[in-house]
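# A closer look at the structure
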Amino acid sequence: MQNTERVGPPLTGGERETLRAYLDFHRATLAWKCEGLGDEELRRQASSPSTLSLLGLVRHMAEVERHWFRRTLGGADVPHLWSDDHDFQAAYDATTATRAEAFAAWEAEVEHSRAVEAAAESLEVTAYVAKWEQEASLRLVMLHMIHEYARHNGHADFLREAVDGTVGA
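As a starting point, this report considers the structure included with it. Note that the structure is predicted; figures quoted are calculated from it, not measured.

Along the protein, the regular secondary structure elements total five helices and two strands. Helices and strands in the protein line up, N terminus first, as α-α-α-α-β-β-α. Expected size for 169 residues packed as a compact globule is a radius of gyration near 15 Å; at 16 Å, the protein falls within 12% of this value. Its C-alpha atoms put the protein at 45 × 40 × 25 Å along the principal axes. Scored against the burial criterion, the 169 residues of the protein give a buried share of 43%. Of all intrachain contacts in the protein linking residues separated by at least 6 positions in sequence, the fraction that spans at least 24 positions is 69%. For the protein, the accessible surface area stands at approximately 9000 Å², while carbon and sulfur atoms represent 52% of it. Of the charged side chains in the protein, 17 are positive and 28 negative, and the gap between their average positions amounts to 2 Å.

Here it is in structure tokens:
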């Protein structure tokens, strides 16, 4: 298994470069939290009644990447990865999931996300967000994704510690 490289954001970079770097840092953090674990360990649930697991987080973030970048900003008509009825929570159920399946989906969605972001003319590019019933900018989507990863990476800290005692951000 490879060691995940986490590159910190530039201390003096421009806005878009900094947003991109922070998002990639948080993506790498999630991968790092899962490093060295097998399917069973990655499926291990936090504590009752929660069914949250590291593999569930990876699946969820694949779904989130897909939603914000491919569907919302990219305008692609693609289904959910693990739900036929648009249920984002379905991704958390990793009881029969494998590392290979979850990471392949997540890595593919990250690559799609990077392509959508790179193709956008500026951070001011907007797309309609049905849930909010208004337009949102690429800037806001990138900030939202940084927040989403940071929040879930906090969960991943506790999950990983419960699996094998590994701690650290």
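Let's shift gears to the nonpolar core. Ranked by size, the top nonpolar core spans 37 residues in total, and within it Leu30, Phe69, Trp106, Met145 and Tyr149 carry the most contacts. Elements with a contribution of two residues or more to this core: helix H1 (15–34), helix H3 (54–73), helix H4 (99–119) and helix H5 (138–164). Residues in contact with Met145, not counting those within four places in the same chain, are Leu23, Met61, Val64, Glu65, Trp68 and Phe69.

Within this structure, the stated rule accounts for 15 salt bridges. A salt bridge links Arg114 to Asp24; the shortest N-O distance between them is 2.9 Å. Here Arg114, found in helix H4, pairs with Asp24, found in helix H1; they are 90 residues apart in sequence, far enough to count as distant. Residue class for Asp24 comes out partly exposed when judged on its relative accessible area of 24%. Among the ionic pairs, Asp164 bridges to Arg160, the shortest N-O distance being 3.0 Å. Here Arg160 and Asp164 lie together in helix H5, a separation of four residues that amounts to about one turn. Three or more residues are tied together by salt bridges with common partners; here these are Asp24, Arg27, Glu65, Glu111 and Arg114.

This brings us to the pairing of strand S1 (residues 126–129). Of the two faces of S1, the one holding Ala127 and Val129 is buried and the one holding Thr126 and Tyr128 is not buried anywhere. Inspection of the sheet shows S1 paired to strand S2 (residues 134–137) by four bridges, in the antiparallel sense. Looking at the pairing, Ala127 lines up with Ala136 of S2. Linking two consecutive strands that pair antiparallel, namely S1 and S2, is a turn of four residues; a positive phi of about 55° is found at Glu133 within it.

Moving on, we come to H3. Look at H3: 27 Å from first C-alpha to last across 20 residues, which is about the 28 Å you get at 1.5 Å a residue. Taking the largest bend as the criterion, H3 deviates by roughly 30°, centred on His67. Of all 20 residues in H3, 18 are buried, a share of seventy percent or more. Phi turns positive, to about 70°, at Gly75, one or two residues after H3.

With that settled, consider the packing of H3 against H5. Interaxial distance between H3 and H5 falls to 10 Å at its minimum, and their mutual angle equals 175°. Looking at the two axes, H3 sits roughly antiparallel to H5. Here H3 contributes Leu54, Leu57, His60, Met61, Val64, Glu65, Trp68, Phe69 and Leu73 to the contact with H5, which in turn contributes Leu138, Val141, Met142, His144, Met145, Glu148, Tyr149, His152, His155, Ala156, Leu159 and Arg160. Here the residues of the contact of H3 with H5 sort into 14 nonpolar, four polar and three charged.

Conventions we followed
Residues numbered from 1 in each chain as written. Predicted model: local features only at pLDDT ≥ 70, side-chain atom pairs only at ≥ 80, totals over all residues. Heavy atoms only, no water. Helix = DSSP H or I, 4+ residues; strand = E, 2+ residues; numbered from the N terminus. Rg over C-alpha atoms; globule rule 2.2 N^0.38 Å. Buried < 20%, exposed > 50% of the residue type's maximum accessible area, 1.4 Å probe, protein only. Contact = heavy atoms within 4.5 Å. Areas by Shrake-Rupley, 256 points an atom, 1.4 Å probe, with all protein chains shown as cover. Lys, Arg positive; Asp, Glu negative; His and termini not counted. Charge placed at Lys NZ, Arg CZ, Asp CG, Glu CD. Core = buried A, V, L, I, M, F, W, Y, C linked by side-chain atoms within 4.5 Å. Salt bridge = Lys/Arg side-chain N within 4 Å of Asp/Glu carboxyl O. Pairing = 2+ DSSP bridges. Expected span 1.5 Å × (residues − 1). Bend = angle between axes of the 7 residues up to and from the residue. Axes fitted to C-alpha atoms, helices over the stretch in contact; angles between N-to-C directions. Parallel < 35°, antiparallel > 145°, perpendicular 65-115°, else oblique. Nonpolar A, V, L, I, M, F, W, Y, C, P; charged D, E, K, R; others polar.

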